[in-house]
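Commentary on secondary and tertiary structure
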Amino acid sequence: HGREHSFPTRRSSDLAGRLTAADGSGARELYEAGMAIDPDRAELRTGLARVALAAVKRAGSAVDAGRFADAHRDLALARSLSAPRAPTDAVAERLREREAAVAGIDELLAQADRARQAGRLHGSDDAALPLYRRILDLQPQHLRALEGREDALSDWLRLAHDDLRRGDVIAGAAKIATADDYDHGHVELPEAQRALALAAERARRRAERDLRAGRLERAADAFRHWRANGQDIAAADDGRDRVARAHTQRARAAAADFRFDADERELDAA
């Protein structure tokens, strides 16, 4: 409104370690709040750059002290603020080397193999796939971990196929998405995705039949399963809208007949 803005500086907080804070009192948050008001103010951009460099420096100190979680957090902050790549990558490489030395990769691999053999593939930190991921984050070319992850993903995708054969497209799609997240290039992933597309198409046909027959709850459920494929979201949502409109029409008919309990149930369903 024409008044000069006065922004709090955060130099003392930078040095004291309050680089970021969830309550908005950290240096990053205050500089960004200032830039939201006056994006052309150069000292605010400079302040954010100082926060980024301080985060890199603090991450390096955390690596040296063996505080790896703190180092990961500060590196993430530095990268989110576009810190210079060379020093950031250098600290990240030191962190990987230190973690590899401390982590006990052989023990992690043994844990992962045991979890895979027991069928605990995903869903907890001590499941096979997360453990293989931890090893590969430390040593991306670790052959036994790559082979173990491949076998675990094959087992996981077999479970996805089982879901699809039962008509549970939602569960199958979720498992296939998880497999894709672990290894986008897994050799069995394209076949699973084709099976998912076929199962989703069966769900679509089932939804249309149920809607025409007035089986609205079953139609809505089938449209949800079709939507899980992720390829026809707009069309599936349109199908669910048609189910909702059918429930609304039933509600109007029930109200016209003074069947208000039925009217309420149909409106809730809609």
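In case you missed it, the structure is sitting above this.
Residues numbered from 1 in each chain as written. Predicted model: local features only at pLDDT ≥ 70, side-chain atom pairs only at ≥ 80, totals over all residues. Heavy atoms only, no water.

**A look at the pattern of salt bridges**
Counted only if it meets this: Salt bridge, as used here, is a side-chain nitrogen of Lys or Arg placed within 4 Å of a carboxyl oxygen of Asp or Glu. Accessible area is worked out with a 1.4 Å probe on protein chains only. A residue is then buried under 20% of its type maximum, exposed over 50%, and partly exposed in between.
Scanning all chains against the criterion turns up 21 salt bridges. Across the pair Glu43 and Arg41 runs a salt bridge whose closest N-O atoms are separated by 3.1 Å. Owing to a relative accessible area of 44%, Glu43 belongs among the partly exposed residues under this scheme. A relative accessible area of 23% means that Arg41 is categorised as partly exposed. Connected via shared salt-bridge partners are Arg67, Asp70 and Arg73.

**So, the side chain of Lys175**
The test is simple: The helix and strand labels rest on DSSP assignments: H or I over at least four residues marks a helix, E over at least two residues marks a strand, and numbering proceeds from the N terminus. Contacts are assigned to residue pairs that have any heavy atoms within 4.5 Å of one another.
With respect to the helices and strands, Lys175 occurs in helix H9 (residues 169-182). Ignoring anything within four residues of it in the chain, the contact list for Lys175 reads Trp156, Leu159, Ala160 and Asp163.

**Observations concerning the nonpolar core**
Applicable threshold: To form a nonpolar core, buried Ala, Val, Leu, Ile, Met, Phe, Trp, Tyr and Cys residues must be joined to one another through side-chain atoms within 4.5 Å.
Counting 42 residues, the largest nonpolar core has Leu129, Tyr132, Ile176 and Val243 as its most contacted members. Among the elements of the structure, helix H6 (105-117), helix H7 (128-138), helix H8 (143-165), H9, helix H10 (189-212), helix H11 (216-227) and helix H12 (233-256) are those that each provide at least two residues to this core. The element contributing the most residues to this core is H10, with nine residues. Beyond its immediate sequence surroundings of up to four residues, Tyr132 is in contact with Leu109, Ala112, Asp113, Arg116, Ala145, Gly148, Arg149 and Ala152. Ranked by size, the runner-up nonpolar core spans 22 residues in total, among them Val51, Ala59, Val63 and Leu81.

Read these as geometric descriptors, not functional statements.
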